[in-house]
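# Structural characterization, general
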Amino acid sequence: MTRKEPKTKVVAFKAEEELAELLDKLPNKSAFIRKAIVAQLGMECPLCNGKGVVPRGVHDHYAKLLTQFNSRHCDGCGSEMPLPRDQVELSHEDQSRLEQFFHGGPLYCDGCYDKAPTCDDCDWHITPERVAEHYRQAHTE
């Protein structure tokens, strides 16, 4: 069994009284905050395990696959659309639409995104048939 490296760096932040009280009720405040930060910033790369580099053979193998599978179907209408690999590639108009996908939400084409109602809690655009799933995944953890 592999042992986790101990956390040695302490990070502090100021919070509203209500938030501080809520955090104090958690069984493991540090684990919750770490998970929340990772969820907000993005996920560790499964190929490089967050290191930023992979061996040449792994790179060469997966580079072809990434090019081959660089599209996805709209979660609303099913139309195929190109999938950018990085938020840097996005135009200003596509930023908010694709940002919700990069953070784990549904991916919609322009038309479906504009038609989908906005969640009152997080401002993501969610089609009516996906509302229950969205609340289970995004607002219960």
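Whatever comes next refers back to the structure up there.
Residues numbered from 1 in each chain as written. Predicted model: local features only at pLDDT ≥ 70, side-chain atom pairs only at ≥ 80, totals over all residues. Heavy atoms only, no water.

### Quick notes on the overall build of the protein
To be explicit about the condition: Strands here mean DSSP runs of E at least two residues long; helices mean DSSP runs of H or I at least four residues long; both are numbered from the N terminus. The buried label goes to any residue with under 20% of its type's maximum accessible area, the exposed label to any with over 50%, and the partly exposed label to all in between, with areas taken from a 1.4 Å probe on protein chains only. Any pair of residues with heavy atoms lying within 4.5 Å of one another is described as a contacting pair. Each accessible area is a Shrake-Rupley result for a 1.4 Å probe, and residues are judged covered by the shown protein chains and nothing else.
The helix and strand tally for the protein stands at six helices and two strands. Written out in order from the N terminus, the α and β elements of the protein read α-α-α-β-β-α-α-α. Counting the 141 residues in the protein, one finds 19% classified as buried. For the protein, restricting intrachain contacts to residue pairs at least 6 apart in sequence, the fraction spanning at least 24 positions comes to 24%. Surface summary for the protein: the accessible area is close to 11600 Å², and the carbon and sulfur share equals 54%.

### A closer look at a nonpolar patch on the surface
The line we're drawing: To count toward a patch, a residue needs a relative accessible area over 30% and no salt bridge; like charges are then connected within 9 Å, while nonpolar side chains (Val, Leu, Ile, Met, Phe, Trp, Tyr) are connected within 5 Å. Salt bridges are defined as contacts in which a side-chain nitrogen from Lys or Arg sits within 4 Å of a carboxyl oxygen from Asp or Glu.
Together, Phe-13, Leu-19 and Leu-22 make up an exposed nonpolar region whose accessible area comes to about 290 Å². Mapped onto the elements, Phe-13 comes out in the segment before α1 (17-24).

### Some words on a negative patch on the surface
Put simply, the rule is: Lys and Arg are tallied as positive, Asp and Glu as negative. Neither His nor the chain termini are counted. For the purpose of locating charges, the reference atoms are NZ of Lys, CZ of Arg, CG of Asp and CD of Glu.
On the surface, Glu-16, Glu-17, Glu-18 and Glu-21 cluster together to form a negatively charged patch. Among the structural elements, Glu-17 can be located in helix α1. Residue classification places Glu-17 among the exposed positions, given a relative accessible area of 52%.

### Topic: unusual backbone geometry
With the exception of glycine, most residues fall at negative phi, and the peptide bonds are largely trans. A positive phi angle, near 70°, is found at Asp-123, a position not held by glycine. Judged by relative accessible area, Asp-123 falls into the exposed class, the value being 55%.

### Section: the pattern of salt bridges
Under the defined criterion, the tally for this structure stands at six salt bridges. With a shortest N-O distance of 3.9 Å, Glu-133 and Arg-130 are connected by a salt bridge. Given the relative accessible area of 24%, Arg-130 is considered partly exposed. Through salt bridges that share partners, Arg-72, Asp-75, Arg-130 and Glu-133 make up one connected network.

### Quick word on the nonpolar core
The cut-off we apply is this: Here the nonpolar core consists of buried residues drawn from Ala, Val, Leu, Ile, Met, Phe, Trp, Tyr and Cys, with membership extended through side-chain atoms lying within 4.5 Å.
Listed in full, the twelve residues of the largest apolar core are Cys-74, Met-81, Leu-83, Leu-90, Leu-98, Phe-101, Leu-107, Tyr-108, Cys-109, Cys-112, Tyr-113 and Ala-116. Dropping the residues within four chain positions of it, Leu-83 is found in contact with Asn-70, Ser-71, Arg-72, Phe-101 and Leu-107.

### Notes on helix α4 (residues 95-102)
Residues lying three or four places apart along an α-helix face the same way, a consequence of the helix completing one turn every 3.6 residues. Heads up, the rule is: By arc we mean the arc of the directions from the helix axis to the C-beta atoms, nothing more.
Buried within α4 are the following residues: Arg-97, Leu-98, Gln-100 and Phe-101. For α4, the angular spread of the buried residues around the axis is 150°, confining them to a single face. Contact partners of the buried residues in α4: β1 (71-73), β2 (80-82) and α5 (110-115). Looking one or two residues past α4, Gly-104 carries a phi angle of roughly 100°, positive in sign.

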